[in-house]
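# Inside the fold
So you can see what is in the structure, the chains are spelled out below.
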Amino acid sequence: VTSCPDQTPIHRQWQIIDSLQGGLTGWWMPQYRPKIRLPRALRSRYVKKVGEQINLVIPFLGKPKPAVSWLKDGQPVDTKKVNIRNSDKDSILFIRGAQREDSGVYEMTLKVDSFEDKGTITLQIRPGPPVSIKLVDAWGFNAALEWTPPKDNGNTDITGYTVQKADKKTGEWFTVLEHYHRLSATISDLVMGNSYSFRVFAENKVGVSEKSTVTKEVATIQKTGIVYKPPEYPEHDFNEAPKFTTALNDRAATVGYTTKLLCSVRGSPKPKIEWLKNQMIIGDDPKYRQISNQGICSLEIRKPCSFDGGVYTCRAKNAQGEATVSCKLEVKQIPNLMFSLLFLCYLYPLS
């Protein structure tokens with residue numbers, strides 16, 4: 001006798017050999033207890049949505065081939081809705097499109113002679129929406145609602161309700177109550193002058209119902225006659241007299257080396273910039289390059305000589321006033337060059 005894994009033969013018999021005839025007179029087919037090997041995913045509960053396909057494959061052990069039967073809530077399954085296919089190793093329960101009435105406790109029974117094994121599968125479907133919802137009253141900034149429980153609870157207790165509101169202007173739904181246990185509610189903080197619709201979803205352990213029940217009436221929050229008068233603010237005057245934010249700094253330059261004076265100013269409207277040397281307007285002298293960009297003012301003195309030293313002034317003017325800033329520029333000779341010139345004069349005096 002050859003045994004199968006995880007199985008114990010019901011009883012043992014041996015081959016009967018006729019020693020006189022030298023041949024086999026009988027052969028026994030071993031019998032094993034039936035055992036359902038329910039997949040782990042089906043041991044607690046099996047959750048599906050309406051319209052989804054259900055295909056449950058339940059393997060089993062047993063010899064000879066066990067007799068398989070299915071019950072739903074203690075009654076034989078309806079073969080018009082549920083398709084059952086059995087083989088030597090498994091049984092398949094197939095539902096093409098799940099409906100809410102398909103939820104329940106399915107029981108599979110294996111039988112070999114007087115021995116049997118049973119397994120149960122709990123199929124749960126999401127609940128249906130509440131039967132009806134009614135707008136009871138609307139006052140101030142509030143609305144009172146009442147609704148009735150769903151006819152179909154999805155084969156499990158209803159654990160709560162989700163209430164949403166939608167403004168008729170936008171049509172967008174917003175959740176105002178979640179996991180709410182009562183069958184009536186007061187919705188507050190509604191906006192004056194707006195009209196609202198409400199809807200309710202049912203909840204169970206599986207989830208929230210796919211559809212909702214919407215109020216037929218609309219809650220209109222009446223205006224109270226209060227006229228809102230926005231405060232009047234004086235127009236801000238952005239005009240500003242010129243003001244130097246960075247002053248000119250005194251500096252020394254070397255003969256023949258270009259130098260630059262920098263400062264910054266603000267003002268509105270944009271001020272006009274003028275540069276002066278010893279209180280005289282420089283104007284368009286090609287020796288100087290004047291630049292004013294986004295409040296940064298610069299005066300570039302190209303290859304200055306000793307006569308370019310003095311007091312330089314930047315003046316900014318607009319309709320609100322004027323401002324000035326000044327610095328002293330000193331132009332120095334190159335020391336090595338002066339020493340060379342004196343040495344040459346000493347060697348070659350003028351006659």
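Report follows, based on the coordinates. (Residues numbered from 1 in each chain as written. Predicted model: local features only at pLDDT ≥ 70, side-chain atom pairs only at ≥ 80, totals over all residues. Heavy atoms only, no water.)

### Re the overall build of the protein
The helix and strand inventory of the protein stands at 1 helix and 28 strands. Put simply, the protein has 351 residues, and 35% of those count as buried. A sequence separation of at least 24 residues applies to 62% of the contacts in the protein between residues at least 6 apart. Within the structure as shown, the protein displays about 23,000 Å² of accessible surface, and the carbon and sulfur contribution to it stands at 52%. (Helix = DSSP H or I, 4+ residues; strand = E, 2+ residues; numbered from the N terminus. Buried < 20%, exposed > 50% of the residue type's maximum accessible area, 1.4 Å probe, protein only. Contact = heavy atoms within 4.5 Å. Areas by Shrake-Rupley, 256 points an atom, 1.4 Å probe, with all protein chains shown as cover.)

### Things to note about the sheet that holds strand β25 (residues 288–293)
Sheet strands pair via backbone hydrogen bonds, and the direction of the pair is either parallel or antiparallel. Taking strand neighbours across the sheet as the criterion, the 4 strands line up as β20-β22-β26-β25 in an open arrangement whose pairing is antiparallel. Strands at the two margins of the open sheet, each flanked by one partner only, are β20 (240–246) and β25. For this sheet, the mean inter-axis angle between neighbouring strands, taken without regard to orientation, is 25 degrees. For β25 and strand β26 (residues 296–301), the ladder comprises 6 bridges, and the chain directions are antiparallel. Considered in β26, the bridge of Gln290 is made with Leu299. (Pairing = 2+ DSSP bridges. Axes fitted to C-alpha atoms, helices over the stretch in contact; angles between N-to-C directions.)

### Let's talk about the nonpolar core
Counting residues in hydrophobic clusters, the biggest one holds 21 residues, and the most contacted among them are Phe244, Leu248, Cys263, Trp275, Leu299, Tyr312 and Cys314. Of all elements in the fold, only β22 (259–268), β23 (272–277), β26, β27 (310–318) and β28 (321–332) reach the threshold of two or more residues within this core. No other element matches β28, which puts 5 residues into this core. Among all residues touching Cys263, those that are not within four sequence positions of it are Phe244, Thr246, Ala247, Leu248, Trp275, Gly295, Ile296, Cys297, Cys314 and Val325. Residues Ile36, Ile58, Val77 and Leu123 belong to the second largest nonpolar core, which totals 20 residues. (Core = buried A, V, L, I, M, F, W, Y, C linked by side-chain atoms within 4.5 Å.)

### Things to note about the pairing of strand β12 (residues 133–139)
Two strands pair when backbone bridges link them, and β12 and strand β13 (residues 142–147) are joined in this way by 6 bridges, in the antiparallel orientation. Residue pairing for β13: Lys134 is matched across the bridge by Glu146.

### Notes on the side chain of Lys165
Looking at the element boundaries, Lys165 is found in strand β14 (residues 158–167). Buried and unpaired, Lys165 has Asp189 as its nearest opposite-charge partner, separated by 7.4 Å. Non-local contacts of Lys165, meaning those with residues more than four positions away in its chain, are made with Glu172, Trp173, Phe174, Val176, Asp189, Leu190, Tyr196, Ser197 and Phe198. (Lys, Arg positive; Asp, Glu negative; His and termini not counted. Salt bridge = Lys/Arg side-chain N within 4 Å of Asp/Glu carboxyl O.)

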